[in-house]
Amino acid sequence: MLVGVPKEIKNHEYRVGLTPAAVKEFVAHGHKVIVEVDAGSAIGFSNEMYIEAGAEIIGTAEEIFAQADMIVKVKEPQPNECKMLREGQTLYTYLHLAPDPTQTQLLVESGATCIAYETVTDARGGLPLLAPMSEVAGRMAVQAGAHYLEKAHGGSGTLLGGVPGVAPGKVLVIGGGVVGTNAAKMAIGLGADVTILDRSLPRLRELDDIFGNQLKTVYSTVDAIEHYSSKADLVVGAVLIPGAAAPKLLNTAHIAQMKQGSVLVDVAIDQGGCFETSRATTHQDPVYIVDGVVHYCVANMPGGVARTSTMALNNATLPFGLALANKGPKRAMLENPHLLNGLNVHKGKVTYSAVMDALGEQLSLEFQEAGAALSQ
Ligand SMILES: NC(=O)C1=CN([C@@H]2O[C@H](COP(=O)(O)OP(=O)(O)OC[C@H]3O[C@@H](n4cnc5c(N)ncnc54)[C@H](O)[C@@H]3O)[C@@H](O)[C@H]2O)C=CC1
Ligand SMILES: CC(=O)C(=O)O
Ligand SMILES: [Mg+2]
């Protein structure tokens with residue numbers, strides 16, 4: 001198969017679909033890889049490294065899209081990229097279609113086979129191609145929180161770890177999944193006083209087993225959220241109800257009760273955010289202040305540490321990517337129901353029901369169940 005890797009074109013997005021190490025794997029399996037010039041240069045993956053791994057460097061995205069059987073990316077394709085896709089071509093990347101009618105319409109019109117990283121599943125009910133970016137975002141949440149607690153950045157001037165003779169800062173993590181666990185790990189590592197809320201008791205038991213008495217686990221109720229947020233220096237929003245908009249767990253009245261200079265990091269902002277006052281921000285302009293509380297709501301946090309994120313993402317995407325190339329997309333998906341769950345659009349039809357539920361009527365889309373669509 002001819003695999004193409006264009007340079008990402010979203011604002012301040014430096015991740016790249018394949019690392020040189022991943023290219024080497026595709027080449028070792030007999031595939032040809034073409035990479036756009038400087039696709040990874042910003043994060044230390046030079047054109048020479050890709051050539052050494054066996055790739056050919058190509059001057060423009062247009063040539064990559066025209067030649068490749070499968071396009072491997074990170075972020076959802078931008079409109080000009082969608083227009084270069086065609087029937088018979090496979091797109092393997094994050095898509096997040098449900099809130100994005102324009103992209104959905106363009107992918108349907110392209111006729112291409114579009115696989116979304118974020119809907120590929122695993123045998124334990126997890127999302128294995130979302131998990132690495134949730135690990136990154138969870139860890140970054142505490143780094144960002146510690147930074148914005150500094151006086152010069154709008155915070156209260158609190159050091160999360162404290163010092164001998166001064167108590168540590170208090171961190172509240174709401175949601176104990178992948179983001180929440182990684183945030184807790186970092187906050188504990190800094191020596192903060194950490195409490196995590198979840199509404200799943202089995203999950204709270206697991207967290208108790210992992211962290212012991214370094215972490216306070218509390219069942220998530222309105223009362224618990226009110227109590228712990230009013231005392232917190234840093235609150236991390238890390239809830240997910242799969243496929244749905246995030247629930248608003250802190251309202252404006254709760255935020256008014258919080259300490260001046262405390263920090264909210266709303267990681268769930270890509271699902272609409274879990275604080276009433278949250279609105280999406282960017283790496284260029286990451287924070288704003290409401291009622292004396294600093295809000296950090298960056299929707300693509302992993303892009304901020306693009307080198308680590310690219311390597312973490314490739315570790316997860318490589319086995320599925322190789323299966324797509326080795327077997328061909330049709331056989332690879334029909335043989336693996338978890339990969340098939342990634343299929344969102346195929347030959348002009350939507351094949352993922354949550355996307356159909358969100359946009360079907362608005363765009364007059366045609367739906368076909370993924371397995372049936374591929375089998376034709
Ligand atoms: N902003 C960014 O750059 C990124 C954002 N994310 C987002 O972070 C969010 C969390 O992702 P994951 O940790 O992977 O999800 P997850 O499914 O692993 O964990 C979510 C947890 O929230 C809990 N939960 C649901 N409702 C709750 C409530 N009312 N109170 C307390 N807990 C509740 C669930 O029981 C579950 O344990 C998602 O919206 C995801 O899309 C992920 C990566 C990057
Ligand atoms: C998950 C996602 O969309 C990102 O890492 O940017
Ligand atoms: Mg206040």
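Keep in mind that this is a model prediction, so the values were computed, not measured.

Calculation notes
- Residues numbered from 1 in each chain as written.
- Chains lettered and ligands numbered in written order.
- Predicted model: local features only at pLDDT ≥ 70, side-chain atom pairs only at ≥ 80, totals over all residues.
- Heavy atoms only, no water.
- Helix = DSSP H or I, 4+ residues; strand = E, 2+ residues; numbered from the N terminus.
- Rg over C-alpha atoms; globule rule 2.2 N^0.38 Å.
- Buried < 20%, exposed > 50% of the residue type's maximum accessible area, 1.4 Å probe, protein only.
- Contact = heavy atoms within 4.5 Å.
- Areas by Shrake-Rupley, 256 points an atom, 1.4 Å probe, with all protein chains shown as cover.
- Lys, Arg positive; Asp, Glu negative; His and termini not counted.
- Charge placed at Lys NZ, Arg CZ, Asp CG, Glu CD.
- pLDDT = per-residue confidence, 0-100.
- Near = heavy atom within 4 Å.
- Polar contact = N/O pair within 3.5 Å; in protein donor to acceptor, adjacent residues only side chain to side chain.
- Domains from an automatic or database assignment.
- Buried area = accessible area lost by both parts, 1.4 Å probe.
- Salt bridge = Lys/Arg side-chain N within 4 Å of Asp/Glu carboxyl O.
- Arc of directions from axis to C-beta.

We now examine the overall build of the protein chain. A tally of regular secondary structure across the protein chain gives 15 helices and 15 strands. Since a compact globule built from 376 residues should have a radius of gyration of about 21 Å, the 22 Å found for the protein chain is in line with a globular shape. Projected onto its principal axes, the C-alpha positions of the protein chain cover 65 × 45 × 35 Å. Burial statistics for the protein chain: of 376 residues in total, 53% are counted as buried. Nonlocal contacts in the protein chain, meaning residues at least 24 apart in sequence, comprise 61% of its contacts between residues at least 6 apart. Entry remark: accessible area of the protein chain is about 16,000 Å², with carbon and sulfur atoms responsible for 53%. The protein chain carries 28 positive and 38 negative side-chain charges, and their two centres are separated by 3 Å.

Moving on, we get to the confidence of the model for the protein chain. Mean pLDDT over the protein chain: 96, with 99% of residues reaching 70 or higher. Two summary scores accompany this predicted model of the complex, namely pTM at 0.92 and ipTM at 0.97.

Below, the discussion takes up the site of ligand 2. In the neighbourhood of ligand 2, the contacting residues comprise Arg15, Lys75, Tyr94, His96, Leu130, Met133, Asn300 and Pro302. Contact distances for ligand 2 include 2.6 Å between an oxygen atom and a side-chain N or O atom of Lys75. Between ligand 2 and the protein, one listed contact pairs an oxygen atom with a side-chain N or O atom of His96 at 2.7 Å. When ligand 2 sits alone it has 220 Å² of accessible area, and the protein chains cover 94% of it.

Now for the domain arrangement of the protein chain. Here the protein chain is partitioned into domain 1 (2–120 + 307–375) and domain 2 (131–299). Here domain 1 and domain 2 have C-alpha centroids that lie 32 Å from each other. Facing the eight residues of domain 1 at the interface are four residues of domain 2. Counting the surface lost from both domain 1 and domain 2, the interface buries some 590 Å², and carbon and sulfur atoms represent 65% of this. When the area that domain 1 buries against domain 2 is broken down by residue, the three leading residues are His12, Ser309 and Ala312, summing to 45%. Between domain 1 and domain 2 we count zero salt bridges in total. Where domain 1 touches domain 2, the interface holds zero residue pairs in polar contact (both at pLDDT 80 or more).

This brings us to helix H1 (residues 20–28). Along H1, the residues that are buried comprise Pro20, Ala22, Val23 and Phe26. For H1, the buried positions fall inside an angular range of 155° around the axis, keeping them on one side. Away from the buried face of H1 by more than 90 degrees, exposed residues Ala21, Lys24 and Ala28 are located. Tucked inside the fold, the buried residues of H1 contact strand E1 (2–5), strand E2 (32–36), helix H2 (47–53), strand E4 (70–72) and helix H11 (306–327). Just downstream of H1, Gly30 is the residue with a positive phi angle, here 90°.

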